[in-house]
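Overview (structure and organization)
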Amino acid sequence: MPLSLAISPCPNDTFVFHALVHGLVPDAPPVTVTYADVDVTNTAAERGAFDLVKVSYAALPWLLDDYHLLPCGGALGRGCGPLVLTRDDRTDLSGATVAVPGDRTTAYLLFRLWSADRPPASVEIVPFHEIMPAVAAGRYDAGLVIHEARFTYHRHGLSALVDLGEWWEGDTGLPIPLGAILARKATVDPVAAADWIRTSVRRAWADPAASRDYVLAHAQEMEPDVVDRHIALYVNEFTADLGEAGRAAVDALLTRAATAALTPPLPTRR
């Protein structure tokens, strides 16, 4: 029976999972894929909708009773954090309405931790690909953006009020935990799943050209140069294994969030 997999159409996910999706990983089962924004997969995972699923690290407190966190395949790194963008020279968000990409995204959790002492007037959830045009058009005072937006926001006449990755790294010394891969406890052996994904990652690194057409086909009209920069930034040593630094980053983020009553505490047993 095929394994159900949900990932984003972003280049880092399609690059990492190309071999697994296309039956190029020995001993792995066939896979059926759903491509969706992470705000959609966060909600779908809470319903147990997929066997393997990409979610925000910020969503883990609601999911780890039913899913295993896999130590590979996700997005975690340095210099790759969300940005808060504006179209003017404002220096804070007092009185501002901010567009955000989802209420359980890591980007929004980092934003809430950063802005705890100076929150905006209001926030509104907007699909992430619509945020920059909406801020540029004046529909929102600021926007919280992720992914390749860090390479393209200047084209919209926007400026960065804060790089939340720089803030997080400066405050903790830890990498930024963005997206996680989960395996459903009822249907997937997490050790086997981690092996499949690591093999898929290694194949992607060994032969980047093999996944090129697949990655570009799902890249939402992203230019090839931006695709390459996106993959180089988000597919890194933490993609192959979280390691001690990666696990420390996840624990630090979710411990801070629970202490601030922004998320439930993590389950005792994971």
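Please refer to the structure higher up on the page.
Sequence order as written defines the numbering, with residues in each chain counted from 1. The predicted origin of the model limits local features to residues at a pLDDT of at least 70 and limits the giving and counting of side-chain atom pairs to 80 or more, whereas totals for whole chains, interfaces and linings rest on all residues. No hydrogens and no water enter the side-chain calculation; it runs on all heavy atoms of the structure.

1. A short note on the environment of Leu 70
A helix here means a DSSP run of H or I that spans at least four residues, while a strand means a run of E at least two residues long, and both kinds are numbered starting from the N terminus. Mapped onto the fold, Leu 70 is located in the loop between strand E4 (67–69) and strand E5 (75–77). On a C-alpha basis, the gap between Leu 70 and Arg 139 in space is 39 Å, while along the polypeptide they are 69 residues apart. By the convention used here, residues are in contact when the closest approach between their heavy atoms is within 4.5 Å. Look past the residues within four positions of Leu 70 in its chain and what remains in contact with it is Leu 52, Ile 181, Ala 183, Pro 190, Ala 193, Ala 194, Ile 197 and Leu 242.

2. Some words on the layout of surface pockets
Put simply, the largest pocket is a space of about 310 Å³. His 129, Met 132, Glu 148, Thr 152 and Gln 220 are, among the 17 residues lining the largest pocket, the residues nearest its centre. For the lining of the largest pocket, the secondary-structure elements that each account for two or more residues are helix H4 (128–136) and helix H5 (149–152). No other element matches H4, which puts five residues into the lining of the largest pocket. Polar here means any residue outside two lists: the nonpolar Ala, Val, Leu, Ile, Met, Phe, Trp, Tyr, Cys and Pro, and the charged Asp, Glu, Lys and Arg; Gly therefore counts as polar. Broken down by class, the residue content of the lining of the largest pocket amounts to nine nonpolar, four polar and four charged. The way it works is a 1 Å grid over only the protein atoms, where trapped points that fit a 1.4 Å probe form a cavity and open points with protein on both sides within 12 Å along at least five of seven lines form a pocket, and then any residue with an atom within 4 Å of a point lines it. Grid points are joined across faces, edges and corners, and a volume is the space filled by probe spheres set on the points.

3. Overview of the sheet that holds strand E8 (residues 122–125)
Whenever strands of a sheet pair, they do so through backbone hydrogen bonds, lying parallel or antiparallel. Within the open sheet, the five strands sit side by side as E8-E7-E9-E6-E10. Their pairing is mixed. Looking at strand neighbours, the two that pair on one side only are E8 and strand E10 (159–163), the edges of this open sheet. Averaged over neighbouring strand pairs, the angle between their axes works out to 25 degrees when direction is ignored. Strand pairing requires that DSSP identify at least two bridges connecting the strands. Both strand E7 (residues 97–100) and strand E9 (residues 142–145) contribute to a ladder of two bridges, which runs parallel. Paired with Ala 99 across the bridge in E9 is Gly 143. To obtain each axis, a line is fitted to C-alpha atoms, and for helices this fit is confined to the stretch in contact; angles are then taken between N-to-C directions over 0 to 180 degrees. Across the face of the sheet, helix H6 (residues 164–172) comes into contact with strand E6 (83–86), E9 and E10 while running at roughly 25 degrees to E10.

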